[in-house]
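# Fold and geometry: a report
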Amino acid sequence: MSARLLRLACTATVAAQAVLAPAPAVATPEPQQSVAELLTDLQRLYRQTEQATETYNATTEQLERQRAEVARLDGELARARLALQDSRSDAGRLARQQYQSSGGLGPYVRLLLAPDPQHALDEGHVIGELARQRVRTVGRLAAAEKRKDALARAARKALDTQLGLAGRQKRQRDDVRTRLAGVERLLAGLTPQQLAAIARLEQQGVAEAQRSLTTAGALPADRAASPAGDRAVHYALDQVGKPYAWGAQGPEAYDCSGLTSDAWSHAGIPIPRTSQEQWEQLQRVPLKELRPGDLVVYFPEATHVAMYVGGGRVVQAPRPGEKVTVSPIAGYPILGAVRPGPAERGQGLSSGYS
């Protein structure tokens, strides 16, 4: 984190001015704050920002699905209107035919007066079929009217839902920007010595957490990746060095779940977009059974995710200001692990490591 902190310290003021959404003032750290307290404040802000980012990502996914649903319903409504127009044309022809035959003897009277009984029976079948056609025509018209009205109501409701999601997405986007501004202001108030001390303290904490996992025997033994997992890992590693950007899923920048979802998509197995959805929907595996390509989920709210690459390390898009990197698996508090792809025999929904 030290290099990132030093870079951000030089650019924090400019970055804060570039944030579009207004934010409440965040107090500059007091001189008497310890390095540990500063690190705690910074980690809290990063965690809140990432949680807001994942919430924004989930709404964005919902909005995209809703837009597709609105487009689908609009297409069905257009087809229903054409069908209704055809049914009305058929009904109009039927009305004209009835009007034109009303001046003379009706078809049933002509049938009774026919001199040839067999001919009369044959004509009767024709008249019966015409009557049935008229019933079907009226039925189609009524059904077309009903379908058009139902689709119009559904399309209106779907559009209202889309507009509501768009409003929610904007509010969540502003929330993320506000929290990012808070991070930048905190960093802008730190001296280079404080930044270096915070970086050392954080690195020390990660190293201790990694040793604890190793001592507890919680780190997995080396396992071979599945073919798809191997493709996902290679793709993710190819992204190392690209910047973190909230809401991004490549190819120029990534946030945490944008990297994992994009890598697995390129491996031929689409997975949910957000870290919460990945945790909830994918097959859970014990931490000791991790293999390259599996996803490690962090924090109780499942607000961060990384991809296991073997050797106790993960590839991840860590947080704002950093780049996609390979780092120890214990960089954040681990919630558990999940495995994309079809569920394997003997694997349940165990929570992994927490």
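Scroll up to find the structure.
## Section: the environment of Ala 225
- By the secondary structure assignment, Ala 225 is in the loop between α5 (192–215) and α6 (227–238).
- Separated by 65 residues in sequence, Ala 225 and Leu 290 have C-alpha atoms that sit 9.2 Å apart.
- Residues in contact with Ala 225, not counting those within four places in the same chain, are Asp 230 and Pro 292.

## Points about the pattern of salt bridges
- What the rule picks out here adds up to 5 salt bridges.
- Arg 72 is the partner of Glu 69 in a salt bridge, and the nearest nitrogen-oxygen pair spans 2.7 Å. Of the two residues, Glu 69 and Arg 72 are both situated in helix α2 (residues 35–101); the distance of 3 residues between them amounts to about one turn of the helix.
- For Glu 69, a relative accessible area of 29% corresponds to the partly exposed category.
- For Arg 72, a relative accessible area of 38% translates into the label partly exposed.

## Focus: α5
- Look at α5: 35 Å from first C-alpha to last across 24 residues, which is about the 34 Å you get at 1.5 Å a residue.
- Taken as a whole, α5 has its buried residues at Gln 194, Leu 195, Ala 197, Ile 198, Ala 199, Glu 202, Val 206, Gln 210 and Leu 213.

## Description of the nonpolar core
- Residues Trp 264, Leu 295, Val 297 and Met 307 are the most contacted members of the largest nonpolar core, which totals 25 residues.
- At the level of elements, α6, α7 (256–266), β2 (295–298), β3 (304–310) and β6 (334–339) are the ones that each hand at least two residues to this core.
- With 5 residues, α6 is the single largest residue contributor to this core.
- With sequence-adjacent residues up to four places away left out, Leu 295 is seen in contact with Thr 260, Trp 264, Ile 271, Gln 278, Leu 282, Val 305, Ala 306, Met 307, Gly 336, Ala 337, Val 338 and Pro 340.

## A word on the packing of α6 against α7
- Where α6 meets α7, the closest approach of the two axes is 8 Å, and the angle between their N-to-C directions is 130°. In this view, α6 runs oblique relative to α7, as classed from their interaxial angle. Note that α6 runs across α7; the crossing there is right-handed. Residues Ala 228, Gly 229, Ala 232, Tyr 235 and Ala 236 of α6 form the contact with α7, whose own contacting residues are Leu 259, Asp 262, Ala 263, Trp 264 and His 266.
- The class makeup of the residues in the contact of α6 with α7 is 7 nonpolar, 2 polar and 1 charged.

## Here we look at the environment of Leu 165
- Within the secondary structure layout, Leu 165 lies in helix α4 (residues 117–188).
- In this structure Leu 165 comes out as buried when scored by relative accessible area, which is 6%.
- Through-space distance from the C-alpha of Leu 165 to that of Gln 62 is 7.5 Å; in sequence the pair is 103 residues apart.

## Description of the sheet that holds β2
- Strand order in this open sheet of 6 strands is β1-β6-β2-β3-β4-β5, and the pairing throughout is antiparallel. Each of the sheet's edge strands pairs with one partner strand only, and the pair in question is β1 (283–285) and β5 (325–328). Taken pair by pair, the neighbouring strands of this sheet meet at an average axis angle of 40°, ignoring direction.
- Across 4 bridges, the pairing between β2 and β3 is antiparallel. By the bridge assignment, Val 296 is partnered in β3 with Ala 306.
- Here α6 sits on the sheet and contacts β3, β4 (313–316) and β5; the angle it forms with β3, its principal contact strand, is near 110°.
- α7 rests against β2, β3 and β4 of the sheet, and its axis sits at about 50° to β3.

## Some points on the pairing of β3
- Buried residues dominate β3, accounting for 6 of its 7 residues.
- The antiparallel hairpin formed by β3 and β4 contains 2 residues in its connecting segment, where Gly 311 sits at a positive phi of about 65°.

## Focus on α7
- Most of α7 sits inside the fold, with 9 of its 11 residues counted as buried.
- Where α7 is concerned, the buried positions are Cys 256, Ser 257, Gly 258, Leu 259, Thr 260, Ser 261, Asp 262, Ala 263 and Trp 264.
- A positive phi of about 95° marks Gly 268, the residue just after α7.

What counts, and where the lines are drawn
Sequence order sets the numbering: in each chain, residues are counted from 1 along the sequence as written. Note on the predicted model: pLDDT of at least 70 is required for a residue's local features to be given, and 80 or more for side-chain atom pairs to be given and counted; whole-chain, interface and lining totals, by contrast, use all residues. Here the side-chain values reflect all heavy atoms present in the structure, with hydrogen atoms and water set aside. By definition, any uninterrupted DSSP run of H or I lasting at least four residues is a helix, any uninterrupted run of E lasting at least two residues is a strand, and each is numbered from the N terminus. Contact between two residues is taken to exist if any of their heavy atoms lie within 4.5 Å; hydrogens are not considered. By salt bridge we mean one thing: a side-chain nitrogen of Lys or Arg within 4 Å of a carboxyl oxygen of Asp or Glu. Three exposure classes are used, based on accessible area relative to the maximum for each residue type with a 1.4 Å probe and protein chains only: buried under 20%, partly exposed in between, and exposed over 50%. By this rule the span expected of a helix is its residue count minus one, scaled by 1.5 Å. Throughout, nonpolar core names a set of buried Ala, Val, Leu, Ile, Met, Phe, Trp, Tyr and Cys residues whose side chains join them through atoms within 4.5 Å. Interaxial angle, 0 to 180 degrees, is taken between N-to-C directions of lines fitted to C-alpha atoms, where a helix line uses only the stretch in contact. Small angles under 35 degrees read as roughly parallel and large ones over 145 as roughly antiparallel, with 65 to 115 read as roughly perpendicular and the rest as oblique. Left-handed describes a crossing whose near helix is turned anticlockwise from the far helix through less than a right angle; right-handed describes the clockwise counterpart. Residue polarity follows a fixed list, in which Ala, Val, Leu, Ile, Met, Phe, Trp, Tyr, Cys and Pro are nonpolar, Asp, Glu, Lys and Arg are charged, and the others, Gly among them, are polar. The rule for pairing is simple: two strands pair if DSSP sees at least two bridges between them.

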